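As a plain string of letters, each chain reads:
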Amino acid sequence: ALVARTIMTCTSRDLGIAIASVLATLLYVRLDVGGMPRTVLGRPKARGERAFLLIVHLHFPEPSRSAALLEAWRAAADYCIEREPFLYAYEVAQSDKDPRNYTIFERYRSKHDYLGAHRKSSAFAAFRPQMRAMQKEGAVLVGGSSYVETGIGFT
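Counting restarts for each chain, with residues numbered from 1 along the sequence as it is written. For this predicted model, a pLDDT threshold of at least 70 governs which residues receive local features, and a threshold of 80 or more governs which side-chain atom pairs are given and counted, while totals over whole chains, interfaces and linings are taken from all residues. Derived side-chain values reflect all non-hydrogen atoms in the structure, with water molecules and hydrogen atoms excluded from consideration.

Engineer: Please explain the side chain of glutamate 84 as it appears in this structure.
Structural biologist: Relative to the elements of secondary structure, glutamate 84 occurs in the loop between α2 (66–83) and β2 (87–94). A 1.4 Å probe rolled over the protein chains alone gives each residue an accessible area, and that area as a share of the maximum for its type sets the label: buried under 20%, exposed over 50%, partly exposed in between. Positive: Lys, Arg. Negative: Asp, Glu. His and the chain ends are not part of the count. Whenever a carboxyl oxygen of Asp or Glu lies within 4 Å of a side-chain nitrogen of Lys or Arg, that contact is scored as a salt bridge. Although buried, glutamate 84 forms no salt bridge, and the nearest oppositely charged side chain, arginine 83, lies 8.5 Å from it. Distance and chemistry together define a polar contact, namely a pair of N or O atoms within 3.5 Å, with one atom able to donate a hydrogen and the other to accept it when in protein, and with adjacent residues in sequence counting only for side-chain atoms on both sides. A distance of 2.7 Å separates the side chain of glutamate 84 from the side chain of histidine 118, its partner in a polar contact. Residue contacts are defined here by distance: any two heavy atoms, one from each residue, within 4.5 Å place the two residues in contact. Excluding anything up to four places from it in sequence, glutamate 84 contacts Tyr79, Tyr108, Ala117, His118 and Ser121. Numbering of helices and strands runs from the N terminus; a helix is a DSSP stretch of H or I covering at least four residues, while a strand is a stretch of E covering at least two.

Structure follows, in structure tokens:
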């Protein structure tokens, strides 16, 4: 009976700690000092930024050809995260349905920042010719478009 009561007490105590932890996490995630909710990673959510987006779709007929371009993308991302504060997001995602398909997602403060500082950067100067050469070879098919956020949703 003592063992059962100890296990039950321990379990109840652990459950209480777990519930308190979840409630504290929910409170932290929902409220920021400025009243804006946060993501589960602690990043504040934002509205109305009206950023300029560049969405690029890549298709590699031969999946093994993607590695070189992804490595060049990594080098560009390393440059951009340190030197381009106007660049809010710079990511490439692989399709969960077809591993030959990727989407590049770039999110800038403005179109001017993209056309100016970013396109004049050494990272762009290194990456773009590699992608263009792969396009000419037929190693990658490229499509996409640019957009301006409406500010209705959030990031």
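Engineer: Just to check I follow, could you spell out the sheet that holds β2 for this structure?
Structural biologist: Across a sheet, strands are paired by hydrogen bonds formed along the backbone, either parallel or antiparallel in direction. The pairing criterion is simple: DSSP has to find at least two bridges between the two strands. Ordered in space as β2-β3-β1-β4, the four strands form an open sheet in which the pairing is antiparallel. The open sheet is flanked by β2 and β4 (141–148), the only strands paired with a single partner. Looking at each pair of strands side by side, their axes are set apart by 10° on average, direction ignored. One ladder, built from eight bridges, connects strand β1 (residues 52–59) with strand β3 (residues 101–108); its direction is antiparallel. Along β3, the bridge assignment pairs isoleucine 55 with phenylalanine 105. Only the contacting stretch of a helix is used when fitting its axis, a line to C-alpha atoms as for every element, and angles between N-to-C directions run 0 to 180 degrees. Strands in contact with helix α3 (residues 111–118) are β1, β2 and β3; relative to β3, the strand with the most contacts, it is inclined by about 100°.

Honestly, that's just the spatial picture; any functional story needs more than this.
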